[in-house]
Amino acid sequence: MMAGMKFLSGKRSIFKVMGLICKKCALAIMVLALIAPFIATTQIILGDSKSDLEDAKKQQEDVQSKLEETKKYIEDLQGQVSDIQSYISSLDSQMETISSSLYELDLQVQDLEATIKTTEEELAKAEEDAKVQYEQMKLRIKFMYEHNDETYLGMLLNAEDMADLLSKAEYINQLSKYDREMLEKYKATIDYIAQTKADLEADKEELVNMQTNLQDQMSALSLLQSTKMTQLTNLNNTVAAEESYYSRLEAENEALEATTRQLEARIKAEEAAKSSVTSYDGGKFKWPTTSTRITSDYGDTDGRSAPHKGIDIGAVKVGVAGDPIYAAYDGKVVISTYSASAGNYIMIYHGDGLYTRYLHCSSLLVSVGDYVTKGQKIGLMGTTGNSTGVHLHFDVRLNGSYVSPWNYLSK
Ligand SMILES: [Zn+2]
């Protein structure tokens, strides 16, 4: 090992490295260590996490503005719902009023009909009485004039009706005062009853018109009400849909919040690593396992949607997990965790924006924050995560992009 790694902080690590190197190199390291912070500030080594965080924050802003919009929309809809509800209840009370008016009108019409019936009976009775009186009177007149003037008799007997007779009777002095009075009285009674009947019928017609009018109003109101009920149902459905959309947005917001926190933690970890591991001296990597059987090389496109970002190395015995995995170079462990795609995996920072990653391990032997040296056993080969067989996926990232591991190592 030539110069190895330089760690700006952590005396333990400095001594550990210095113990392995010559004094000349140590001096160079000390000088580099002094200027390293200035170099470090200009380096972009956290490209992925930072842009992921920015993306997550942008997405979260978007979701939050959607949440706000949706909330306002729901409030607006709820306002509409309560407007329609109060409108429906005002329609209800109008309909109730009309209903009771209709009921009262119905009673009045029934009363009137009964009165009209009574009046008709009275009229029939009066007409009958008048007729009897008229017949008796005619008999008396006939008897009176049989021995008298034939002209008057003919005139009277040929009268069209009682009214005609009364007007003709004007000329008949001989007609008895009694008969005249009786006739006039009957005529007056008939006229009065007929007028009463006509008045009652007019009243009834008026009531029936009122009834029809109210019934028309009632059906108009009930049509309006059913329209409003449909609107209300539709609105309530929209409200329910918007509310479930709102819950989905809330869940999304929470998920993004968690992602943001994770990314922030990762950035913090990476920055912590950056501040303690600052430069890579350009030394060769160690082959990261015992087997050299490459199952898929860097840049491989066979059966892939994008070129392979690393090198896949199969186990010494095909399908048997547990081969050792070695740190390719000195550095600091920045990730040692499980993910659905990478399985158990480790990421080591070597300084100057250079990282190595070791995926699909059966077990992890180092933790975040650990300093490791080239060739140190850090995990065991496995097939965790998105993997179809026991292998190590080894890749190299420089300044946020994957680069060919062959730039740093040979078999
Ligand atoms: Zn791979």
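Use the structure listed above.
Below you will find a few notes about this structure. (Residues numbered from 1 in each chain as written. Predicted model: local features only at pLDDT ≥ 70, side-chain atom pairs only at ≥ 80, totals over all residues. Heavy atoms only, no water.)

**Section: the pairing of strand β8 (residues 354–361)**
Two faces make up the sheet, and in a regular strand the side chains alternate between them.
Stage number 1. Taken across its eight residues, β8 has eight buried, putting it largely inside the fold.
Stage number 2. By the bridge criterion, six bridges tie strand β7 (residues 343–351) to β8 in an arrangement that is antiparallel. Bridging across to β8, N344 finds its partner in C361.
Stage number 3. Taking the residues that link successive antiparallel strands as the turn, the β7-β8 hairpin has two residues, and the phi of D352 there is positive, at about 55 degrees.
Stage number 4. Relative to strand β12 (residues 391–398), β8 runs antiparallel, the two sharing six bridges. In the strand pairing of β12, L359 is matched with H393. (Buried < 20%, exposed > 50% of the residue type's maximum accessible area, 1.4 Å probe, protein only. Helix = DSSP H or I, 4+ residues; strand = E, 2+ residues; numbered from the N terminus. Pairing = 2+ DSSP bridges.)

**Focus: the pairing of strand β6 (residues 331–339)**
Stage number 1. Summarising the sheet, β6 and strand β10 (residues 371–372) pair through two bridges and their orientation is antiparallel. Residue pairing in the sheet places G331 in a bridge with V372 of β10.
Stage number 2. One ladder, built from seven bridges, connects β6 with β7; its direction is antiparallel. Counterpart to K332 in the pairing with β7 is Y349.
Stage number 3. The turn linking β6 back onto β7 is made up of three residues.

**What about the nonpolar core?**
Stage number 1. Counting 27 residues, the largest nonpolar core has F285, I348, Y358, I378 and F394 as its most contacted members.
Stage number 2. When residues of this core are traced back to their parent elements, those giving at least two are β4 (310–314), β7, β8 and β12.
Stage number 3. Apart from the residues within four sequence positions on either side, I378 is in contact with I325, Y326, A327, I346, I348, Y358, L364, L365, V366 and V372.
Stage number 4. One finds A126, A130, M162 and Y186 within the second-largest nonpolar core, a separate group that totals 15 residues. (Core = buried A, V, L, I, M, F, W, Y, C linked by side-chain atoms within 4.5 Å. Contact = heavy atoms within 4.5 Å.)

**Section: the layout of surface pockets**
Stage number 1. What the largest pocket holds in volume is close to 880 Å³.
Stage number 2. Mapped onto the lining of the largest pocket, the elements with two or more residues apiece are α3 (47–145), α6 (177–276), β4, β6, β7, β8 and β12.
Stage number 3. In terms of residues, the lining of the largest pocket owes the most to one element, β12, which gives four residues.
Stage number 4. Looking at the lining of the largest pocket residue by residue, the classes come out as 10 nonpolar, 15 polar and 11 charged.
Stage number 5. Counted as a void, the second largest pocket has a volume near 310 Å³.
Stage number 6. Lining the second largest pocket are 16 residues; nearest its centre among them are Q262, R266, I335, T337 and Y345. (1 Å grid on protein atoms, 1.4 Å probe; cavity = no way out; pocket = protein on both sides within 12 Å on 5 of 7 lines; lining within 4 Å. Points joined across faces, edges and corners; volume = space filled by probe spheres on them. Nonpolar A, V, L, I, M, F, W, Y, C, P; charged D, E, K, R; others polar.)

**Here we look at the sheet that holds strand β5 (residues 324–326)**
Stage number 1. Read from one edge of the open sheet, three strands run β5-β11-β9, paired in antiparallel fashion. At either end of the open sheet lies a strand with only one pairing partner, and these are β5 and β9 (363–364).
Stage number 2. Where β5 and strand β11 (residues 377–380) come together, three bridges link them in antiparallel fashion. Bridge pairing links I325 to G379 in β11.

**Side note on the environment of G351**
Stage number 1. Along the chain, G351 falls in strand β7.
Stage number 2. The buried category is assigned to G351, whose relative accessible area is 0%.
Stage number 3. Taking the C-alpha atoms as reference points, G351 and Y280, separated by 71 residues in sequence, lie 4.9 Å from one another.

**Brief notes about the coordination of the zinc ion**
Stage number 1. Every protein donor of the zinc ion is accounted for by H308 (NE2), D312 (OD) and H393 (ND1), and the metal-donor separations fall at 1.9 to 2.2 Å.
Stage number 2. Look at where the donors of the zinc ion fall in the sequence and you get H-x3-D-x80-H. Of this pair, D312 sits in strand β4 while H393 sits in strand β12, and the two are 81 residues apart along the sequence. No difference in accessibility class separates D312 from H393, as the two residues are buried. (Donors = N, O, S within 2.8 Å, 3.2 Å for Na, K, Ca; no water.)

**Quick word on unusual backbone geometry**
Stage number 1. Residues other than glycine seldom take positive phi values, yet H360 does so here, at roughly 70 degrees.
Stage number 2. Considering the arrangement of structural elements, one finds H360 in strand β8.
Stage number 3. Its identity as a non-glycine residue notwithstanding, N399 has a phi of 50 degrees, on the positive side.
Stage number 4. Counting through the fold element by element, N399 comes out in the loop between β12 and β13 (401–403).

**Concerning a negative patch on the surface**
Stage number 1. Taken together, D199, D203, E205 and E206 make up a surface patch of like negative charges.
Stage number 2. With respect to the secondary-structure elements, E205 resides in helix α6. (Patch = residues over 30% accessible without salt bridge, like charges linked within 9 Å, V, L, I, M, F, W, Y side chains within 5 Å. Areas by Shrake-Rupley, 256 points an atom, 1.4 Å probe, with all protein chains shown as cover. Salt bridge = Lys/Arg side-chain N within 4 Å of Asp/Glu carboxyl O. Lys, Arg positive; Asp, Glu negative; His and termini not counted. Charge placed at Lys NZ, Arg CZ, Asp CG, Glu CD.)

**So, the packing of aromatic side chains**
Stage number 1. Taken as a whole and judged by the stated rule, the model has eight aromatic pairs.
Stage number 2. On the numbers, 6.1 Å between centres and 70 degrees between planes, the contact of Y280 with F285 is edge-to-face. Of the two residues, Y280 and F285, both sit in the buried class.
Stage number 3. Against the face of Y326 rests K286, its NZ or CZ located 4.8 Å from the ring centre. (Phe/Tyr/Trp six-rings, centres within 6.5 Å; stacked < 30°, edge-to-face > 60°. Lys NZ or Arg CZ within 6 Å of the ring centre and 35° of its normal.)

**So, the environment of G343**
Stage number 1. Here G343 lies in strand β7.
Stage number 2. As a C-alpha pair, G343 and Y358 span 15 residues in sequence and 9.8 Å in three-dimensional space.
Stage number 3. Every residue in contact with G343, bar those within four places of it in the chain, is listed here: T337, Y338, T384 and G385.

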